[in-house]
Amino acid sequence: MSATNVFLGTSTLTDVTCFNAKQKNTMIKIPGFDRKKHNPRLGAIEIFKYIGPGLLVTVGFIDPGNWASNLAAGGDFGYTLLWMVTLSTIMLILLQHNVAHLGIVTGQCLSEAATTHLKPVYSRSILFSAMLASISTSLAEILGGAIALQMLFDVPLRIGALLVFAFVIIMLFSKSYRVLEKWIIAFVSVIGLSFIYELSLVDIEWGQAVESWLRPSFPEGSMLVIMSVLGAVVMPHNLFLHSEIIQSRQWNVQDEKVIKRQLKYEFFDTLFSMLVGWAINSAMILLAASTFFKTGAKVTELEQANKLLEPLLGNNAAIVFAVALLFSGISSTITSGMAAGSIFAGIYNEPYDIKDNHSRLGVVLSLLIALILIFFISNPFHGLLISQMILSIQLPVTVFVQVYLTSSEKVMGKYKNSLPSKILLYVLGGIVTVLNIMLFVSAF
């Protein structure tokens, strides 16, 4: 690895310098970005300079895979699986907060840290499984975008998948996505928030909903959907992505006071962003329960979700939903591609840089393999659910590696996990593992 890592390729806010844990005293001048000129001040306004990475991650769990999982959860089981959204969001807050600390303190993403601090036989196996998870994610995102094109223009599903693939590759390799990023996030967020607003327009049994948010329930035949909801919210690739993009907020990394402040503000960014995601995902399930479950309508395709918007948008619901689904598919495909590039580059102990061959190869492998798999999928809706379930299966691997690294004094120094935090994070990994075992048992 070269003496200095330069992190140039993300779609977030600005180009930044990526620091290896042992190279924090090395500074590189990047046009338009000067770490020394940013001097954080106390006050409410300061936090807005740190908002962003969490919101980008949030887009990853308001994606086509989530929409399919939430539609199935509410449509097939009513309110009873809302607890999984609550549990998944709590897990997500703790895990994303933890992995963001890794990026801030070490200057390395999760993939780089695994390569640096684990034996090659272990790190490569772990990162290979993470690449498989990113492929599964990309499959859901491309498929969602293709379904949207089919709804809007009657484009055949496979042709639509090719178009989404080509568009995303162009956007990533040309960095044109930066121009549209905030608009896409804003549009998808508006649609998501419209789901929340619609709760005031439909009849929701709030007492039952509150109970379901808090009380675990495992209705017969629900394990696939439960694990799909988990995998759709706590996505392994987002843990890798967050540890990478959080470095776009690293100012004055040699100043210990600034590091502590970054760690504090990062938590607010993560907490705010994840709670928004919890509200939107919950709203989707509540609306699906009131729209489909109460009427006994069987949910068999993602396109049915446009009916959730009819109370607010009337006859235009299908068009608006399809446009939102298209933007959601494109934006989340781009972030999943970035995550794959970060994972693959990390195998070679390099930061994500779209100009670098390893990052490019990781992006192309994830998106191309996902595209090929779509050509063999006969039931798109079921394919979306399976893809999210695969994420939940890989999740314990990523969680245990992350907790091991962030609990290590060698890696994190005095910022390593406290004993209570370490125990809590390992318990979360254990819960995911138990749920996976229950899924396996239910399948036989």
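Relevant structure appears above.
Let me begin by describing the structure that accompanies this report.

The rules behind the values
- Residues numbered from 1 in each chain as written.
- Predicted model: local features only at pLDDT ≥ 70, side-chain atom pairs only at ≥ 80, totals over all residues.
- Heavy atoms only, no water.
- Salt bridge = Lys/Arg side-chain N within 4 Å of Asp/Glu carboxyl O.
- Buried < 20%, exposed > 50% of the residue type's maximum accessible area, 1.4 Å probe, protein only.
- Axes fitted to C-alpha atoms, helices over the stretch in contact; angles between N-to-C directions.
- Helix = DSSP H or I, 4+ residues; strand = E, 2+ residues; numbered from the N terminus.
- Parallel < 35°, antiparallel > 145°, perpendicular 65-115°, else oblique.
- Left-handed = near helix turned anticlockwise from the far one by under 90°.
- Contact = heavy atoms within 4.5 Å.
- Nonpolar A, V, L, I, M, F, W, Y, C, P; charged D, E, K, R; others polar.
- Core = buried A, V, L, I, M, F, W, Y, C linked by side-chain atoms within 4.5 Å.
- Expected span 1.5 Å × (residues − 1).
- Arc of directions from axis to C-beta.
- Polar contact = N/O pair within 3.5 Å; in protein donor to acceptor, adjacent residues only side chain to side chain.

## Here's the deal with the pattern of salt bridges
Here is step 1 of the chain: The tally for this structure, following the rule as stated, stands at three salt bridges.
Here is step 2 of the chain: Where arginine 215 meets glutamate 211, a salt bridge forms, and the shortest distance between an N and an O atom there is 3.0 Å.
Here is step 3 of the chain: We classify arginine 215 as partly exposed; its relative accessible area is 45%.

## Concerning the packing of helix α3 (residues 82–106) against helix α17 (residues 419–442)
Here is step 1 of the chain: At a minimum axis separation of 11 Å, α3 and α17 run at an interaxial angle of 135°. With respect to each other, α3 and α17 are oriented oblique. Between α3 and α17 lies a crossing of left-handed hand. Along the contact surface, α3 presents Met84, Leu87, Met91, Leu94, Leu95 and Asn98, while α17 presents Leu424, Leu425, Leu428, Ile431, Val432 and Leu435.
Here is step 2 of the chain: Residue classes in the contact of α3 with α17 are distributed as 11 nonpolar, one polar and no charged.

## Observations concerning the nonpolar core
Here is step 1 of the chain: Counting 118 residues, the largest nonpolar core has Trp67, Leu230 and Leu302 as the members making the most contacts within it.
Here is step 2 of the chain: When near neighbours in sequence (up to four residues on either side) are disregarded, leucine 302 contacts Pro64, Trp67, Ala68, Leu71, Ile147, Phe321, Leu325, Phe381 and Leu384.

## Observations regarding helix α14 (residues 357–374)
Here is step 1 of the chain: With 18 residues, α14 extends 26 Å between its outermost C-alpha atoms, agreeing within 8% with the 26 Å of an ideal straight helix rising 1.5 Å per residue.
Here is step 2 of the chain: Where α14 is concerned, the buried positions are Ser359, Gly362, Val363, Ser366, Leu367, Ala370, Leu371 and Ile374. Relative to the axis of α14, the buried residues are bounded by an arc of 150° and lie together on one face.
Here is step 3 of the chain: Among the structural elements, α5 (120–153), α6 (157–174) and α13 (317–347) are those in contact with the buried residues of α14.
Here is step 4 of the chain: The opening residue of α14 is aspartate 356, an N-cap whose side-chain oxygen sits 3.0 Å from the backbone nitrogen of histidine 358.

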